[in-house]
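Okay, here's what each chain looks like letter by letter:
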Amino acid sequence: MKIAVPKEIKNQEFRVGLTPAGAQSLINAGHSVYVESAAGLGSGFSDEAYTQVGATILPSAAAIYEMGDMIVKVKEPLAVEYPLIKAGQILFTYFHFAASRELTEAMIKTKAICIAYETVELTDRSLPLLTPMSEVAGRMAIQVGAYFLGKPQGGKGKMLGGVPGVKPANVLILGGGVVGTQAAKMAAGLGAHVTIMDTNLARLRYLSDVMPANVATQYSTELAIQEHLPQVDLVIGAVLLHGAKAPHLIKRKDLANMQPGTVLVDVAVDQGGCIETCQPTTHENPVYVVDGIQHYCVANMPGAVPQTSTQALTQATLPYALLLANHGWENACKSNEALNKGLTIIEGKLVDNGLAALFNL
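Residue numbers here run from 1 along each chain, matching the order of that chain's written sequence. Restriction of local features to residues with pLDDT of at least 70 applies here, the model being predicted, together with a cutoff of 80 or more for giving and counting side-chain atom pairs; totals for whole chains, interfaces and linings are based on all residues. Hydrogen atoms and water are omitted, and side-chain values are computed over all heavy atoms in the structure.

**Q** Quick rundown of the sheet that holds strand β7 (residues 170-174)? Include the residues and the values.
**A** Pairs of strands are assigned from DSSP output, requiring at least two bridges between the strands. To qualify as a helix, a DSSP run of H or I must reach at least 4 residues; to qualify as a strand, a run of E must reach at least 2; elements of each kind are numbered from the N terminus. Spatially, β9-β8-β7-β10-β11-β13-β12 is the arrangement adopted by the 7 strands of the open sheet, whose pairing is mixed. For this open sheet the edge positions go to β9 (215-219) and β12 (287-290), each flanked by a neighbour on one side alone. Here the average twist between neighbouring strands, direction ignored, is 20°. Where β7 lies against strand β10 (residues 234-237), 4 bridges are found, and the strand directions are parallel. Among the inter-strand pairings, isoleucine 173 is bridged to a residue of β10, identified as isoleucine 236. Axis lines are fitted to C-alpha atoms, over the contacting stretch for helices. Their N-to-C directions set the angle, which ranges from 0 to 180 degrees.

**Q** Please provide a residue-by-residue account of the nonpolar core, values included.
**A** The nonpolar core is taken to be a set of buried Ala, Val, Leu, Ile, Met, Phe, Trp, Tyr and Cys residues, with the residues joined through side-chain atoms within 4.5 Å. Residue exposure (1.4 Å probe, protein chains only): buried if accessible area is under 20% of the type maximum, exposed if over 50%, otherwise partly exposed. Counting residues in each nonpolar core, the largest one holds 74 residues, and the members touching the most others are Phe92, Val171, Ile236, Val265 and Leu339. Whether two residues are in contact is decided by their heavy atoms, any of which lying within 4.5 Å being enough. If sequence neighbours within four positions are ignored, phenylalanine 92 has contacts with Met70, Ile71, Val72, Lys73, Ile115, Tyr117, Leu129, Thr317, Tyr320, Ala321, Leu324 and Leu339.

**Q** Residues and numbers for the pattern of salt bridges, please.
**A** Throughout this description, the term salt bridge denotes a Lys or Arg side-chain nitrogen within 4 Å of a carboxyl oxygen of Asp or Glu. In the structure shown here, the tally under the stated rule is 11 salt bridges. Arginine 125 is the partner of glutamate 121 in a salt bridge, and the nearest nitrogen-oxygen pair spans 3.2 Å. Among the residues examined, glutamate 121 registers a relative accessible area of 11% and is labelled buried.

**Q** Describe in detail the sheet that holds strand β15 (residues 349-350), supporting the description with residues and values.
**A** Taken in spatial order, the 8 strands make up an open sheet running β3-β2-β1-β4-β5-β6-β14-β15, and their pairing is mixed. Only two strands of the sheet have a single neighbouring strand rather than two, namely β3 (56-58) and β15. Strand direction decides the pairing type here: strand β14 (residues 343-346) and β15, joined by 2 bridges, are antiparallel. Note on β15: the bridge partner recorded for isoleucine 345 is leucine 350. The strands touched by helix α4 (residues 101-110) within the sheet are β5 (90-93), β6 (113-116), β14 and β15, with β14 carrying the most contacts at an inclination of about 50°.

**Q** Any chance you could break down the environment of leucine 149 for me, citing the residues and the numbers?
**A** Within the secondary structure layout, leucine 149 lies in the loop between α5 (131-148) and β7. Its relative accessible area of 0% is what places leucine 149 among the buried residues. Along the backbone, leucine 149 and glutamine 294 are 145 residues apart, and their C-alpha atoms lie at a distance of 8.6 Å. Leave out the neighbours within four places in its chain, and leucine 149 touches Gly155, Lys156, Gly157, Lys158, Leu160, Asp233, Leu234, Gly261 and Val263.

**Q** Now, about the packing of α5 against helix α9 (residues 306-335): what can you tell me, with residues and values included?
**A** Where α5 contacts α9, the two axes come as close as 8 Å, and the packing angle between them is 155°. The angle between the axes of α5 and α9 places the two elements in the roughly antiparallel class. Here α5 contributes Pro132, Met133 and Val136 to the contact with α9, which in turn contributes Thr308, Ser309, Ala312, Leu313 and Ala316. Across the contact of α5 with α9, the residue classes tally to 6 nonpolar, 2 polar and no charged. Angles are sorted into four bins: roughly parallel if under 35 degrees, roughly antiparallel if over 145, roughly perpendicular if 65 to 115, and oblique for all others. Three classes are used: nonpolar for Ala, Val, Leu, Ile, Met, Phe, Trp, Tyr, Cys and Pro, charged for Asp, Glu, Lys and Arg, and polar for all others, with Gly counted as polar.

In structure tokens form, the structure reads like this:
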């Protein structure tokens, strides 16, 4: 199979779909790998690093899409890429279809085979291709939240961990999954007072056992969230409904209950956001203010740390890419139930019932 890797063109996206080590594994398995010129530079990989393992460098995205039987990416195709996609071509990337009807309809029209990283799901309901980026985003959420709490950035002027004699900041984390857990670890490590909310009691019991003493767990209800808002300094939105739009747990009217300079980091922005006032932002212009409340809603947070993110992503996606390359998408998806759950669009047909219901398609 011909595997082709385009350069990511989303704003401030520095990751690449495949490391040289990943390319080498595919080449060793008998496949051909084509990489767009400079695609790996943002992640620290030169064109030479790819050619040294046997990959071929192509000069443009058009050449990449023309060559590839399978396109391996990081982020969803953008509008300028839609015309380059061929019928029957495999697209293996993050799509987050639930956040965009336009993207969903565009991919249906291409008649490509779309396999979404974020909905590949193991029998224990874990998401192996989303997990590494969720780990990065969860940890980053605290870093950026702490920064934007600074007064020069428009925040309250609070240090997360406080100092001796001064109380630490209050951090509220909505969702106890991978993102929420990693955020709680980072916030707790900095000395903040952390509350992590979820509706899964088994998960809350686990988190209560493994988290340090400055992390409290609480069952998530509308009333419980409301009670925290007047005192909270940093809110992390970490809610994930598999393949579906995130619910709005904080509404526009709720902002009035928060102190000016409070920071909201909505990691769920890829799935529509769990804060009603969330609108996708970029690393170039990451924050905006609504009713005195700072909103950080960058849709590709791990793209800011590409040397870490690209390696973590390829480690997770490579076994599935090899399965697709070695057996073709039909046999690969038939033989691997986890991969089959990522199969979303097949040659013009939407096969995900949740998305079909969401968009009435």
